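# Close look at the chain arrangement
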Amino acid sequence: MKKNNKQRFTPGCYSNEIEDRIQKLRNAGAKLPPRKVLRTPEQIEGIRESAKINTALLDHIAEHIREGMSTEEIDKMVFDFTTAQGATPAPLNYNGYPKSVCTSINDVVCHGIPSPTEILHNGDIVNVDVSTIYKGYFSDASRMFMIGEVKPEIKKLVEVAKECMEIGIATAQPWARLGDVGAAIQKHAEAHGYSVVRDLCGHGVGIKFHEAPDVEHFGRPGTKEVILPGMTFTIEPMINMGTYEVFVDEADDWTIFTDDGLPSAQWESMILITENGNEVLTS
Ligand code: MF3
Ligand code: CO
């Protein structure tokens, strides 16, 4: 029997003009993302639906998060809200991850595991990172929340981290390079005296939780993959007040801390690259 297990891209999805442009870049030796990460119109519809639930979930958390709450309570909120929509929290049991959400406080860069004994205190900054599976489609986003009175210099870090994400989104245009995105983010962070975490990156998302390409938040313009219409990926810079060096908690093998104990802030959105720009799918 003849086997045809080649991933086919929906014919007619791209105009001949775009196909020609891709072919020219390929011939010129440019790095291109694999075809399987270029979404079909049906996939885009599914990813959009998943992303809507993910954004509604973050809005729900924004309404209820407060001082004195445990991160376990946030986890319960995420599980209950997501399952009530007929969706599944993507983190739960992902590579053995034990909870439905990541909650990362102060010097925790990312992947903090909710716990009943971890309480949100006045002055804390916390990243809540939620990811949803709906009808097989994945979405991913995070926001920072400031608990009570946050010191001005820490507030500034949170604001600049958000600007870094926004600058990354603005730079992620069709036919630009992923290196352009990283360079723009790094430039903004460093102009404020902050550093960009190197060991973790954004990623393709939609059909799987984490897929190609890696989206680094530092780098050089004109390097890495060409950004093509039909890609869906996250931009999620982790910005540190001090060194960009981080380490993994040996006890749980998940929680990522800053080396120097100084705070870190992160915002994450997921975007769809279109023929003439991009569409923010989660915020
Ligand atoms: N949501 C994270 C990201 O932005 C991934 C967390 S993996 C988990 O990519 F298992 F910790 F949830
Ligand atoms: Co992500």
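The preceding data block contains the structure.
Now for a quick tour of the structure. (Residues numbered from 1 in each chain as written. Chains lettered and ligands numbered in written order. Predicted model: local features only at pLDDT ≥ 70, side-chain atom pairs only at ≥ 80, totals over all residues. Heavy atoms only, no water.)

If you tally the helices and strands in the protein chain, you get five helices and 15 strands. Taking 283 residues into account, the globule formula puts the C-alpha radius of gyration at 19 Å, and the protein chain, at 19 Å, falls close to it. At a minimum sequence separation of 6, the contacts of the protein chain that also span at least 24 residues come to 71%. Accessible surface, the protein chain as shown: approximately 13000 Å² in total, 50% of it carbon and sulfur. Distance from the positive charge centre (28 side chains) to the negative charge centre (41 side chains) of the protein chain: 11 Å. (Helix = DSSP H or I, 4+ residues; strand = E, 2+ residues; numbered from the N terminus. Rg over C-alpha atoms; globule rule 2.2 N^0.38 Å. Contact = heavy atoms within 4.5 Å. Areas by Shrake-Rupley, 256 points an atom, 1.4 Å probe, with all protein chains shown as cover. Lys, Arg positive; Asp, Glu negative; His and termini not counted. Charge placed at Lys NZ, Arg CZ, Asp CG, Glu CD.)

In the contact formed by helix 4 (residues 152–171) and helix 5 (residues 178–191), the axes pass within 8 Å of each other and the chain directions differ by 155 degrees. On the basis of their axis angle, the class for helix 4 and helix 5 is roughly antiparallel. Handedness of the helix 4/helix 5 crossing: right-handed. Across the interface between the two elements, Val-160, Glu-163, Cys-164, Ile-167, Gly-168 and Thr-171 from helix 4 touch Asp-180, Val-181, Ala-184, Ile-185, His-188 and Ala-189 from helix 5. Across the contact of helix 4 with helix 5, the residue classes tally to seven nonpolar, three polar and two charged. (Axes fitted to C-alpha atoms, helices over the stretch in contact; angles between N-to-C directions. Parallel < 35°, antiparallel > 145°, perpendicular 65-115°, else oblique. Left-handed = near helix turned anticlockwise from the far one by under 90°. Nonpolar A, V, L, I, M, F, W, Y, C, P; charged D, E, K, R; others polar.)

What follows covers the site of ligand 1. Taken together, 14 residues are adjacent to ligand 1, and Asp-129, His-203, His-210, Glu-236 and Glu-268 come closest. With respect to ligand 1, the side chain of Asp-140 contributes an N or O atom lying 3.2 Å from an oxygen atom. A distance of 3.0 Å separates an oxygen atom of ligand 1 from a polar atom in the side chain of His-203. Partitioning the shell around ligand 1 into residue classes produces six nonpolar, four polar and four charged. (Near = heavy atom within 4 Å. Polar contact = N/O pair within 3.5 Å; in protein donor to acceptor, adjacent residues only side chain to side chain.)

Moving on to the sheet that holds strand 3 (residues 108–110). Read from one edge of the open sheet, three strands run 3-12-11, paired in antiparallel fashion. What marks the edges here is a single partner per strand, and that holds for strand 3 and strand 11 (246–248). The sheet shows a mean angle of 40 degrees between the axes of neighbouring strands, direction not considered. Bridge count between strand 3 and strand 12 (residues 256–258): two bridges; the pairing is antiparallel. Looking across to strand 12, one finds that Cys-110 is bridged to Ile-256. (Pairing = 2+ DSSP bridges.)

Compared with an ideal rise of 1.5 Å per residue, which puts 14 residues at 20 Å, helix 5 spans 20 Å between its outermost C-alpha atoms and is within 8% of the ideal. Of all 14 residues that make up helix 5, 11 are buried, and the element is covered over most of its length. Among the residues making up helix 5, those that are buried are Leu-178, Gly-179, Asp-180, Val-181, Gly-182, Ala-183, Ala-184, Ile-185, Gln-186, His-188 and Ala-189. The inward-facing, buried residues of helix 5 contact helix 4, strand 6 (195–196), strand 8 (211–215), strand 9 (232–235) and strand 10 (238–240). Gly-193 sits one or two positions beyond helix 5 and adopts a positive phi of about 85 degrees. (Expected span 1.5 Å × (residues − 1). Buried < 20%, exposed > 50% of the residue type's maximum accessible area, 1.4 Å probe, protein only.)

Another point: helix 3 (residues 71–84). In this model, helix 3 (14 residues) spans 20 Å end to end at C-alpha, consistent with the 20 Å of a helix rising 1.5 Å per residue. Regarding helix 3, the residues found buried are Thr-71, Ile-74, Asp-75, Met-77, Val-78, Phe-81 and Thr-82. Buried residues in helix 3, looked at end-on, bunch into an arc of 160 degrees, giving them a common side. With respect to the buried face of helix 3, the exposed residues turned more than 90 degrees away are Lys-76 and Ala-84. (Arc of directions from axis to C-beta.)

When four donors bind a metal tetrahedrally, each ideal donor-metal-donor angle is 109.5 degrees, and when six bind octahedrally, the ideal angles are 90 or 180 degrees. The protein atoms that coordinate the cobalt ion (ligand 2) are Asp-140 (OD), His-203 (NE2), Glu-236 (OE) and Glu-268 (OE), at distances spanning 2.1 to 2.3 Å. If you look at the cobalt ion (ligand 2), its six donor atoms make angles of 53 to 156 degrees with each other, and the shape they trace is irregular. Donor residues for the cobalt ion (ligand 2) sit on one chain with the sequence pattern D-x62-H-x32-E-x31-E. A residue pair is termed long-range when its members are at least 10 positions apart, and His-203 in strand 7 (residues 202–204) and Glu-236 in the loop between strand 9 and strand 10 qualify at 33 residues. Take His-203: its relative accessible area is 5%, and that puts it in the buried class. (Donors = N, O, S within 2.8 Å, 3.2 Å for Na, K, Ca; no water. Tetrahedral: all angles 85-135°; square planar, octahedral: opposite > 155°, others 65-115°.)

Don't take any of this as a statement about function, it's just geometry.
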